[in-house]
Amino acid sequence: MPNEPVVHLNIISTLLPHLPHRRGGPFRWALIAGLLLILLLAALHLFAPATVAAAVLLPALYLLYLYEVEVYADEPWLLIGATMVAGGVLGFVFTQVVGSAASALDLTGDSNGAFALQAIAIPIVGQLLMLAGPLALYVLRGRYREPLDGLTFGAASALGFSLATELTTLWPLLGGPLVATGDSVDWGLRLLRLGVLVALVNASTTGLITAALWLQRYDRRRSERAWEAGVPATALVAAGAQVLLAIVTVVLPELGIQVLVWVLAALALTLYVRQVIHQALLAEGSVREIGPSAPCPECHHVVPTMRFCPNCGAARAAAPRSSRIGTVA
């Protein structure tokens, strides 16, 4: 969005970068309405429906986004399967294995082993599994080579993984009574963390790494020059954020403090994602020559096709694929 600076807190324009500004409003309101719905259901002690709403909110919005902007072009089912579906399958298997390991450690009373599992092994292995589907596309589908493709694939895989792990972990709750007992505030905060914040952090960390990996293949010189958008830096930030948040969750028993730390981490990661997107758009724009006049997908003015619209400043590389008429690469 040309009217937004790089350092700007906006989840919609960050994780949904192909979405034109005029279409961002409905997604923004849908996100706000989903958050309010979760809190309302928790206040009414409808914890099972609130759990479902928290788990599916971000994945559902992302699927609508992919459909709206046609990011996957002519291979929608293959690419959705390699990202969201594969991430979901890996998330389900991962949760089952982790649950068995945690139960075994509880039986033996190994507190050090339990801490290492929850604070180090689970976040690191989980992050690697979220990268599996996008890495397969990196190897097998070289024609999707733009850095924003990497961001999209990484975020989609992470959201599928998060959906599966959350529903598998909270499945016993879903089979309980419709109206349950418990503290509404506690459940509201818990579901916001387990559902929305975990998914947002996972999408950000995975999207960081995949966008940097695609950027390195697309423009190695810019990737090396912009160190903050390189694979080593993004991988270190992603792994560090996952481990740090896991440690905070294990060590700090106060749920309110946990949620506050998760919110701050999610906002910081969102700002970092915008830095990587900024470098990606500069790299993609630098190889686009001035071509014939065509309508800008953002402001609709008929202007020469170039790296950034001369009327509104929107990046052509961030436009939906269906609207890139006349774009010259």
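Residues numbered from 1 in each chain as written. Predicted model: local features only at pLDDT ≥ 70, side-chain atom pairs only at ≥ 80, totals over all residues. Heavy atoms only, no water.

## Some points on the nonpolar core
One broad trend across soluble globular proteins is that nonpolar side chains are buried collectively. Among the nonpolar cores identified, the biggest contains 66 residues, and L16, I38, Y62 and Y65 are the most heavily contacted of them. When residues of this core are assigned to their parent elements, the largest contribution, 14 residues, is made by helix α9 (residues 184-218). Residue contacts for L16: discarding those within four places in its chain leaves I11, F27, Y62 and Y65. If you look at the next biggest cluster of nonpolar residues, it comprises seven residues, including L79, A82, Y144 and F153. (Core = buried A, V, L, I, M, F, W, Y, C linked by side-chain atoms within 4.5 Å. Buried < 20%, exposed > 50% of the residue type's maximum accessible area, 1.4 Å probe, protein only. Helix = DSSP H or I, 4+ residues; strand = E, 2+ residues; numbered from the N terminus. Contact = heavy atoms within 4.5 Å.)

## Some thoughts on the packing of helix α5 (residues 111-130) against helix α11 (residues 231-251)
One way to put it is that α5 packs onto α11 with a least axis distance of 9 Å and a crossing angle of 145 degrees. The way α5 lies across α11 gives a crossing that is right-handed. For the pair α5 and α11, contact is made by F115, Q118, A119, P123, I124, Q127 and M130 and by A238, A239, Q242, V243, A246, I247, V250 and V251, respectively. (Axes fitted to C-alpha atoms, helices over the stretch in contact; angles between N-to-C directions. Left-handed = near helix turned anticlockwise from the far one by under 90°.)

## Describing the environment of L135
Relative to the helices and strands, L135 resides in helix α6 (residues 132-140). A residue is classified by how much of its surface remains accessible, and L135, at 37% relative accessible area, is partly exposed. Residues L135 and T83, 52 residues apart in the sequence, show an inter-C-alpha distance of 9.7 Å.

## Let's talk about the confidence of the model for the chain
Residues of the chain with pLDDT of at least 70 account for 87%, and the chain-wide mean is 83. For the chain, helix α10 (residues 220-225) is the element with the lowest average pLDDT, namely 69, and α11 is the one with the highest, namely 93. Across residues 325-329 the pLDDT falls below 50, and counting only partners more than four positions away or on other chains, this stretch makes 14 contacts in the model. (pLDDT = per-residue confidence, 0-100.)

## Concerning the pattern of salt bridges
Side-chain pairing between opposite charges can occur once the charged atoms of the two side chains come close. The full count for this structure, using the stated rule, is two salt bridges. R274 serves as the salt-bridge partner of E4, at 2.9 Å between the closest nitrogen and oxygen. Linking E4 in the segment before α1 (11-15) with R274 in helix α12 (residues 255-286), this pair joins segments that are 270 residues apart in sequence. A salt bridge links R190 to D186; the shortest N-O distance between them is 3.0 Å. Of this pair, R190 and D186 both sit in helix α9, separated by four residues, roughly a single helical turn. (Salt bridge = Lys/Arg side-chain N within 4 Å of Asp/Glu carboxyl O.)

## Structural notes on the packing of aromatic side chains
Tallied over the full model, the rule gives five aromatic pairs. An aromatic cluster is present here, built from Y138, F153 and W214 joined pairwise through their rings. Above the face of the Y138 ring, R217 is positioned so that its terminal group lies 4.0 Å from the ring centre. (Phe/Tyr/Trp six-rings, centres within 6.5 Å; stacked < 30°, edge-to-face > 60°. Lys NZ or Arg CZ within 6 Å of the ring centre and 35° of its normal.)

## As for a nonpolar patch on the surface
The grouping of L9, L260, V263, L264 and L267 at the surface amounts to a nonpolar patch, some 420 Å² of accessible area in total. For L264, the location among the structural elements is in helix α12. (Patch = residues over 30% accessible without salt bridge, like charges linked within 9 Å, V, L, I, M, F, W, Y side chains within 5 Å. Areas by Shrake-Rupley, 256 points an atom, 1.4 Å probe, with all protein chains shown as cover.)

## Describing the packing of α9 against α11
In contact at an axis separation of 8 Å, α9 and α11 are set at 165 degrees when each is read in the N-to-C sense. As summarised for this structure, α9 and α11 are arranged roughly antiparallel, according to the angle between their axes. Here the hand of the crossing between α9 and α11 comes out left-handed. For the pair α9 and α11, contact is made by R193, V201, N202, T205, L208, I209, A212, L213 and Q216 and by V231, T234, A235, V237, A238, A241, Q242, L245 and T249, respectively. Considering only residue class, the contact of α9 with α11 consists of 11 nonpolar, six polar and one charged. (Parallel < 35°, antiparallel > 145°, perpendicular 65-115°, else oblique. Nonpolar A, V, L, I, M, F, W, Y, C, P; charged D, E, K, R; others polar.)

## Here we look at the side chain of N202
Locating N202 in the fold gives a position in helix α9. The class of N202 is buried, set by a relative accessible area of 7%. Polar side-chain contacts of N202 include one of 2.8 Å to the side chain of S162. Setting aside its immediate chain neighbours within four residues, N202 contacts M130, A158, S162 and Q242. (Polar contact = N/O pair within 3.5 Å; in protein donor to acceptor, adjacent residues only side chain to side chain.)

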